[in-house]
Amino acid sequence: MNIVVCVKQVPDTATERKLRSDDKTLDREAADGVVNELDEYAVEEALKLKEAHGGEVTVLTMGPGKATETIRKVLAMGADKAVHLSDDALHGSDALSTSYAMAQALKKIGFDLVVLGSESTDARTGVLAAMLAERLGVPQLTLANKVEVNGSAIAVQRLTDYGYDKVEASLPAVVSVVEKINEPRYPSFKGIMAAKKKPVETLGVADAEISADQVGLANAWSEVVDFAVAPPRAAGTVVKDEGDGGAKIAEFLASKKFV
Amino acid sequence: MTVDRLLPTPEAADLIELTREIADRELASRVDEHERAETYPEGLFTLLGDAGLLGLPYPEELGGGGQPYEVYLQVIEELAARWAAVAVACSVHTLACFPVAEYGTARQRERWLPDMLAGRLVGGYSLSEPQAGSDAGALRCKAEKVEGGYRISGNKAWITHGGIADFYALFARTAEGGRGISCFLAPGAADGLTFGRPEEKMGLHAVPTTTAHWEGAFLEDDRLLGAEGQGLQIAFSALDSGRLGIAACATGLAQAALDEAVAYAKERETFGKKIIDHQGLGFLLADMAAGVDVARATYLDAARRRDAGLPYSRQASVAKLVATDAAMKVTTDAVQVFGGYGYTREFRVERYMREAKIMQIFEGTNQIQRLVISRHLAR
Ligand SMILES: Cc1cc2nc3c(=O)[nH]c(=O)nc-3n(C[C@H](O)[C@H](O)[C@H](O)COP(=O)(O)OP(=O)(O)OC[C@H]3O[C@@H](n4cnc5c(N)ncnc54)[C@H](O)[C@@H]3O)c2cc1C
């Protein structure tokens, strides 16, 4: 099975994250880049599927040059090769144009299954899997809690508020997975060494047949008009239980329109 | 604080980064709970083995990491800064692999080492006996030659990872006298082998230390490592390397104590200023930092000699002596920095001080290190 796992480099959630004052995009130089944590579950699932069914796992990353660190890490976990979609023209792309660019790259790579995390911890739109499936004309199986492949059939448990839905489709398809699905492995020291020798192909917009007038900040459908630092969190309300604690909490929640 | 290390290769830097990630996520997060409840961290050594951290200083052809001691020891130090008991057990595992790696036949190495170095088999080191600690040559456990192998009978003591390890480097007597001791690769489970209840220790609570009782258990001939009678030589050459592991553990422990003490001293205020700004306390912290740096420099010097193929036995003893004494002093002073709070189990420095004490005792007490050093001087 030819599996492509999409991985994004994001600023470390443990460090302070900033937007650039000039073009209001994320300041990717200011923070340490790490593998989007939610993508680690996608990588783990892709590796497990490969271990069970054979085939190959290709990492696809769209991002600046610095994103190669992230690619190396995923290769160290066990992916076989990588495609790095990287071009100045892509800077500032919104979800819609990102999905277009990545779909073009995926068409070029070829795939039986595309696996993604549920969202990125920086942009948090959570729409890429659906958009990719639409653009590629293949079924989307999002928010999977469990993935089973049987020949050319794929079945997932799709996590919902009330439990899960069973969703079935046939390959090729796009799947996004949730955190509950597995426990991502650590890279091993040998894996890190081996990763240095694995092939990484870099694609620019021309290589992936991406029209430059459909990507980048200038062509984004969404626009960041303004931004401000989040106000410091107000002190919490402490409810002392004097026999009426439950009632007081209910009152508080009602006042905030939670109940 | 992250230690700014001088590393010989980019791959060593990658290795340290991997170690830190695993140590932060898997060790630092679980240590308090297990040390308090005295419970073994199930699955942790498998995870360390899968990451390739349990065979680092052995050749790649045999499944090891092919790393010099200079690098391997800094990995141990990083682990020890999060969890001393785990780092000690890793060091002992490396020690337990030593007799097979250095004295085993090609056949023995191929049969055992890949699983040992991948951490699929975790090892212990069984030299000490109740009456034979410093005086290892006084050991009595017997290995009697029989058809096809040996029958082992006697009592061993103080085995780190006892009862849990999958194999033991076992030292037993095949004849009388100093040249009558032999080394065996014993399985962790055998008919006629039982382990005592874990000792109630001052520290290192998460990894048990036990006695072992051999009642005629059979070990096949292939489990003899090196020649009959070569055991004590194997034991001591293994310990030269093992001592470096303990020096690295002590350094990591001291580093952790220093880090906690400095962080606290920057927060805590008395007489209207941070306690680190009282010169009397700032100098105490300075001495602690100097102690940690000396410990690291000393073990690294010995390690680099080993890596260069130079004699290093004396330097290994100096490193063990210096680093473990530094750890004792630094951890004790860390408790001092915390004042009354340092004397409570609320803060890790209390545990560090208890953990430091054993470093001065095992793998040759610091008196025995002085004995080794002075004998070198007397040559
Ligand atoms: C937690 C823990 C884990 C251990 N793990 C292992 C293990 O995995 N494998 C293993 O084989 N052993 C292990 N040991 C045993 C350890 O190595 C011994 O306890 C140590 O070597 C000291 O031996 P002893 O306890 O018999 O003390 P003794 O040898 O009785 O020494 C008592 C005191 O006399 C001093 N002394 C002895 N001889 C001399 C001398 N010639 N000159 C000056 N002073 C001297 C010693 O320094 C010490 O202060 C462990 C011990 C502990 C507590």
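Rules used throughout
- Residues numbered from 1 in each chain as written.
- Chains lettered and ligands numbered in written order.
- Predicted model: local features only at pLDDT ≥ 70, side-chain atom pairs only at ≥ 80, totals over all residues.
- UniProt positions renumbered as here; feature names shortened; annotations may be inferred.
- Helix = DSSP H or I, 4+ residues; strand = E, 2+ residues; numbered from the N terminus.
- Domains from an automatic or database assignment.
- Contact = placed C-beta atoms within 7 Å.
- Nonpolar A, V, L, I, M, F, W, Y, C, P; charged D, E, K, R; others polar.
- Core = buried A, V, L, I, M, F, W, Y, C linked by C-beta atoms within 7 Å.
- Buried ≥ 20, exposed ≤ 12 C-beta atoms within 10 Å, placed from the backbone.
- Axes fitted to C-alpha atoms, helices over the stretch in contact; angles between N-to-C directions.
- Parallel < 35°, antiparallel > 145°, perpendicular 65-115°, else oblique.
- Expected span 1.5 Å × (residues − 1).
- Pairing = 2+ DSSP bridges.
- pLDDT = per-residue confidence, 0-100.

Looking up chain B in an unreviewed UniProt entry gives the name Acyl-CoA dehydrogenase, with the organism given as Sphaerimonospora thailandensis. For the record of chain B, the UniProt heading Cofactor (unreviewed entry) holds the text "FAD". Looking at the Sequence similarities (unreviewed entry) heading of the UniProt record, one finds this comment for chain B: "Belongs to the acyl-CoA dehydrogenase family."

Under an unreviewed UniProt entry, chain A has the name Electron transfer flavoprotein subunit beta and belongs to Sphaerimonospora thailandensis. Heading Cofactor (unreviewed entry) of the UniProt record for chain A holds this comment: "FAD". The heading Subunit (unreviewed entry) in the UniProt record of chain A holds the text "Heterodimer of an alpha and a beta subunit."

A. Structural detail: the UniProt feature "domain: Acyl-CoA dehydrogenase/oxidase N-terminal" (unreviewed entry) in chain B. Summarizing the sequence annotation, UniProt attributes the feature "domain: Acyl-CoA dehydrogenase/oxidase N-terminal" (unreviewed entry) to residues 9-119 of chain B in the numbering used throughout. For residues 9-119 of chain B, helix accounts for 70% and strand for 0%, while the C-alpha atoms at its two ends are 24 Å apart.

B. Highlighting the domain arrangement of chain B. All names here are of chain B. We note that the domain assignment places domain 1 (10-117), domain 2 (123-232) and domain 3 (236-378) within chain B. With 19 residues of domain 1 in contact, the opposing surface of domain 3 contributes 21 residues. At the level of secondary structure, the elements contributing two or more residues to the side of domain 1 that touches domain 3 comprise α4 (69-82) and α5 (84-103). Here the side of domain 1 that touches domain 3 takes nine residues from α4, the largest share from any one element. Along the lines of polarity and charge, the residues of the side of domain 1 that touches domain 3 split into 13 nonpolar, two polar and four charged.

C. Spotlight on the nonpolar core. In this structure, V5(A), C249(B), A250(B), L253(B), Y299(B) and A327(B) are the most contacted members of the largest nonpolar core, which totals 195 residues. Of all the elements, helix α7 (residues 231-267) of chain B adds the most residues to this core, at 19 residues. Apart from the residues lying within four places of it in its own chain, the contact partners of A327(B) are A250(B), L253(B), A254(B), A295(B), A356(B) and M359(B).

D. Quick peek at the packing of α4(B) against α5(B). Residue and element names in this part refer to chain B. Contact pair α4 / α5: the axes reach a minimum separation of 6 Å and the direction vectors enclose 150 degrees. Between α4 and α5, the crossing angle belongs to the class labelled roughly antiparallel. Residues I76, L79 and A80 of α4 form the contact with α5, whose own contacting residues are A84, V86, A87, C90 and S91. Residue composition of the contact of α4 with α5, by class: seven nonpolar, one polar and no charged.

E. Structural detail: helix α8 (residues 279-307) of chain B. Residues and elements named next belong to chain B. In a regular helix each residue adds 1.5 Å, so 29 residues correspond to 42 Å; α8 covers 41 Å between its end C-alpha atoms and thus fits that length. If you check which residues of α8 are buried, you get L285, M288, G291, V292, A295, R296, T298, Y299, L300, A302, A303 and R306. Buried-residue contacts for α8 involve α4, α7 and α9 (313-338).

F. Up close: the sheet that holds strand β8 (residues 153-160) of chain A. Residues and elements named next belong to chain A. The mixed open sheet is built from nine strands, whose spatial order is β9-β8-β7-β10-β6-β1-β4-β5-β11. At either margin of the open sheet sits one strand with a lone partner, and together these are β9 (163-170) and β11 (200-203). For this sheet the average axis-to-axis angle between neighbouring strands, irrespective of direction, equals 30 degrees. Across the sheet, helix α2 (residues 68-77) touches β4 (56-62), β5 (81-85) and β11, and the angle it forms with β4 is around 165 degrees. Lying on the sheet, helix α3 (residues 95-109) is in contact with β1 (2-6), β4, β5, β6 (113-117) and β11; it crosses β4 at an angle near 150 degrees.

G. Here's a closer look at the confidence of the model for chain B. Averaged over all residues, the pLDDT of chain B equals 97, while 100% of them reach at least 70. With pTM at 0.90, the complex prediction returns an ipTM value of 0.88.

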